[in-house]
Amino acid sequence: MTEPTAGRLQLGAAWYPEHWPTDRWPEDIHLMKAAGLTVVRMAEFAWSRLEPAEGKFDFAWLEQAIAGLAEHGIASVLGTPTAAPPAWLVQDNPASLAMGSDGRRIQFGNRCHYCVNAGEFHTASKRIVQAMARKFGPNPHVIGWQLDNEYSRVCYCDTCQAEFHKFLETRYGTLENLNARWTTAYWSQTYSTWDQIPLPVGAHNPGLMLEFKRFVGASYLRYQKLQLDVLRPHLKASDWVTHNFMGWFGGFDHYLLSADLDLASWDWYIGTGHHDHLTTGAIHDLTRGFKRRNFWLMETQPGNVNWSPVNNSLNKGEARAMAWHAVAHGAEAVLYWQWRSALGGQEQYHGTLIDQSGQPRPFYDEVRQLGAEFSVVSDLLAGSEVLAEVALLNDYPSRWSIEAQKHHQDFDYVAHLTHYYRPLATRNVAVDILPADTILSGQRYRIVFAPALLILDEARAGNLIEYVKSGGTLVLTIRTGVKDKYNALLPSRPPGPLAGVAGAEVEEYYALERPVPVHGDWFAGVSRQWAERLGVISGSCSLPVATFRASNGWLDDQPAVVVHAIPDQGTVYTLGVYLDEKAQQDIIDHILAAAGLRTIKTPPGIEVRTRLRPDGQEIHFIINHNPGEQSVRLPWPAHDHLSGQDVRGNTLLPPYGVLVLTRGEQEPQTARRAATSREAAPSA
Ligand code: GAL
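Because the structure is a prediction, the values reported are computed rather than measured.

With respect to the sheet that holds strand E23 (residues 630–640)
Taken in spatial order, the 5 strands make up an open sheet running E21-E22-E25-E23-E24, and their pairing is antiparallel. Sheet topology places strand E21 (606–612) and strand E24 (646–653) at the edges, where each strand pairs with a single neighbour. Going from strand to strand, the sheet's axes swing by 25° on average, the running direction of each strand aside. Note that E21 and strand E22 (residues 618–624) share 7 bridges and pair antiparallel. Each bridged residue has a counterpart across the sheet, and for Thr 610 the counterpart in E22 is His 620. Sheet strands touched by helix H11 (residues 318–328): E21, E22 and strand E25 (658–663). Its angle to E22, the strand with the most contacts, is close to 150°.

Points about the domain arrangement of the chain
What the domain assignment reports for the chain is domain 1 (10–381), domain 2 (390–594) and domain 3 (606–676). Centre-to-centre, using C-alpha coordinates, domain 1 lies 34 Å away from domain 3. Taken residue by residue, the interface counts 22 residues in domain 1 and 19 residues in domain 3. Buried surface at the junction of domain 1 and domain 3, summed over both partners, amounts to about 1,700 Å²; 63% is from carbon and sulfur atoms. It is Ala 328, Leu 380 and Leu 381 that lose the most area in domain 1 upon contact with domain 3, and together they represent 33% of the buried surface on that side. Viewed at the interface, domain 3 and domain 1 are joined by 0 salt bridges. Inspection of the domain 1/domain 3 interface yields 7 residue pairs in polar contact (both at pLDDT 80 or more). For the side of domain 1 that touches domain 3, the secondary-structure elements that each account for two or more residues are H11 and helix H12 (363–381). Broken down by element, the side of domain 1 that touches domain 3 gets its largest block of residues, 7 residues, from H11. Across the side of domain 1 that touches domain 3, the residue classes tally to 9 nonpolar, 8 polar and 5 charged.

Structural notes on the site of the ligand
For the ligand, the full set of nearby residues is Phe 45, Arg 111, Asn 149, Glu 150, Asp 267, Tyr 269, Glu 299, Trp 307, Trp 337, Glu 347 and His 350. Side-chain polar atom of Asn 149 to an oxygen atom of the ligand: 3.2 Å apart, as the coordinates give it. Contact distances for the ligand include 2.7 Å between an oxygen atom and a side-chain N or O atom of Trp 307. In isolation the ligand has 310 Å² of accessible area, and contact with the protein removes 93% of it. Taken together, the residues that form the shell around the ligand break down as 4 nonpolar, 2 polar and 5 charged.

Re the packing of helix H8 (residues 206–231) against helix H13 (residues 396–404)
Running from N to C, H8 and H13 cross one another at 135°; their axes reach a closest spacing of 10 Å. Viewed along their axes, H8 and H13 adopt a mutual orientation that is oblique. Classified by chirality, the crossing of H13 by H8 is right-handed. Judged by residue contacts, Met 209, Leu 210, Lys 213 and Arg 214 of H8 engage Pro 397, Trp 400, Ser 401 and Ala 404 from H13. Residues belonging to the contact of H8 with H13 are distributed by class as follows: 5 nonpolar, 1 polar and 2 charged.

Quick look at the pattern of salt bridges
Close approach of charged atoms allows side chains of opposite charge to pair. Inspection of the entire model under this criterion finds 33 salt bridges. Here Arg 24 makes a salt bridge to Asp 28, at a shortest N to O gap of 3.2 Å. On the basis of relative accessibility, which here comes to 0%, the residue Asp 28 falls in the buried class. Between Glu 607 and Arg 609 there is a salt bridge, with the nearest N and O atoms lying 3.3 Å from each other. Residue Glu 607 is classed as buried on the basis of its relative accessible area, which comes to 1%. Judged by its relative accessible area of 5%, Arg 609 falls in the buried class. Via salt bridges that share partners, Asp 285, Arg 288, Asp 432 and Arg 444 belong to a single interconnected network.

Structural notes on the packing of helix H3 (residues 60–71) against helix H5 (residues 119–136)
Helix-helix packing: each pair is described by the crossing angle between the helix axes and the interaxial distance. With their axes 12 Å apart at the nearest point, H3 and H5 run at an angle of 40° to one another. Comparing the axis directions of H3 and H5 gives the class oblique. Crossing handedness for the pair H3 and H5: right-handed. Within the contact between the two elements, H3 uses Leu 62, Glu 63 and Ile 66 and H5 uses Met 132, Lys 135 and Phe 136. Across the contact of H3 with H5, the residue classes tally to 4 nonpolar, no polar and 2 charged.

Calculation criteria
- Residues numbered from 1 in each chain as written.
- Predicted model: local features only at pLDDT ≥ 70, side-chain atom pairs only at ≥ 80, totals over all residues.
- Heavy atoms only, no water.
- Pairing = 2+ DSSP bridges.
- Helix = DSSP H or I, 4+ residues; strand = E, 2+ residues; numbered from the N terminus.
- Axes fitted to C-alpha atoms, helices over the stretch in contact; angles between N-to-C directions.
- Contact = heavy atoms within 4.5 Å.
- Domains from an automatic or database assignment.
- Buried area = accessible area lost by both parts, 1.4 Å probe.
- Salt bridge = Lys/Arg side-chain N within 4 Å of Asp/Glu carboxyl O.
- Polar contact = N/O pair within 3.5 Å; in protein donor to acceptor, adjacent residues only side chain to side chain.
- Nonpolar A, V, L, I, M, F, W, Y, C, P; charged D, E, K, R; others polar.
- Near = heavy atom within 4 Å.
- Areas by Shrake-Rupley, 256 points an atom, 1.4 Å probe, with all protein chains shown as cover.
- Parallel < 35°, antiparallel > 145°, perpendicular 65-115°, else oblique.
- Left-handed = near helix turned anticlockwise from the far one by under 90°.
- Buried < 20%, exposed > 50% of the residue type's maximum accessible area, 1.4 Å probe, protein only.

Here it is in structure tokens:
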């Protein structure tokens, strides 16, 4: 029977039993069990098999699949199948189909083809979700639910436009207010009735564009709530509900959507090429930040995908290292997509564990190894979490505002944020990626990075000022404090309401044709894409610590980086630069050292991470993300839970090798310590 699962490290796959005759299922389940799978996700696209005609449900097959899995101790996660509304549904309710920005309905036959605001689609969604909830909510072998799949579609139909008008009316109250906030006197855009306001296609009024992004998120939020309201009353107390997000996808504010869910999860695919832990670690940390607790990796790539320019396979051992990387960043489950190649459908060539013939692919053995390893460390990891002392703020409205008006075609909000993440990850510093309105003072963060925090109001700025007053280190970057939440320019110089605490303001910003040299006290390099000429605010004790060198005349010898160490408070760095990688590492190293953060220098591709158990015990992960072997030096004797061996001193990691360590000495560890405490930890 199914074992209790709470807190256990889970290994699983997406299984679509509806693709196969039932007499094949026992063999599949046998192979799953042999691979060490503990959980299977089903039903997420099975609407036409669950409700073959309106109101006629066929749940027997799914019940049989859940029972078959449970007999072998495998738990089930169910997806609500709403990302795949069936042909009969859209034929009977044509307005259920989304409309593209070209005014044409989306053709049936792919996924996510629904209009998220269509009343008839809401009715149909409630019907299937309620019926599934009644049937499977009480099932002891179903441990959690995923709503829909990868929300993404933006619809431009008349229903959406009417809903957009209601949304704006609620937000702005009056047209006078809206016209003023959006400066619609510009180009005669003044609206005299709500229904004149278009759904923006392409470049438009910045206020309108930003609100449309917010509206798309609000539409999904409402639709998600509709599903939650019919699902939750039928669930067991231990059940959770999630949605599988897509990492840095920017279609909506993920913090908003996550708030109503119990668990955050995401789908991780590499596509062409290979895994770069300095970049992907940020997405795990982003997802962990959605609920500020551990998350599930709901889908990941077994070998290769089918949708990338080159669908190369991950190297042997690479996916295992990726799985441990996810766990080291707080994943409680790793599920491969998918179990077996379907003979038909759009994804015939996608990687799987079992091929079209029904036999395990070579990759299956790698999963089986993980299955054995997960079962060994599951109890050790139960309840453990990542405790970061560095926060990086992520703000969807700032991102959308910049994406609509890049000013430099190469400027990318996520790449810029990741430019701050990578040097931290290179030094093995744990980071929480959090919404920009997180209350920061009184928390454990010693440094807060706020990359391109373009949109600032008094409340948001006040929160950051409080944090600095409480002794924190705040790092401000280019494109900060430029606009209000309506996407209008603030009537002040950037960083607007943060200028006082920064002791600096931006006298001018420049999109760059070519890199500009920058020389500072702790680094020398160039600024690419962007430069901000800073001015020190008179009367403040701030100091320029870097200046631009000769470039366009305006920037020459002008302040590029300003530090404001406020007596009896914290420190604010204002970086008017977008530095090359070496200079960026140097300046971040300086900031980390000045704030007293412990860093661990490791060779390229070697990652060291820590999770902390509730009893205070630290679990260290050392992962070799390289296809070649690498030696690391351990500062203390340790026990490797994967090999079962004690290890000490110089230790050789094979290609994609992983160590899961606890310190060898059996010293009592009762105090709950921060994961980045200054105690010795593995270095390489
Ligand atoms: C995901 C999707 C899965 C599968 C996968 C293939 O985006 O959720 O259902 O299609 O891509 O890589």
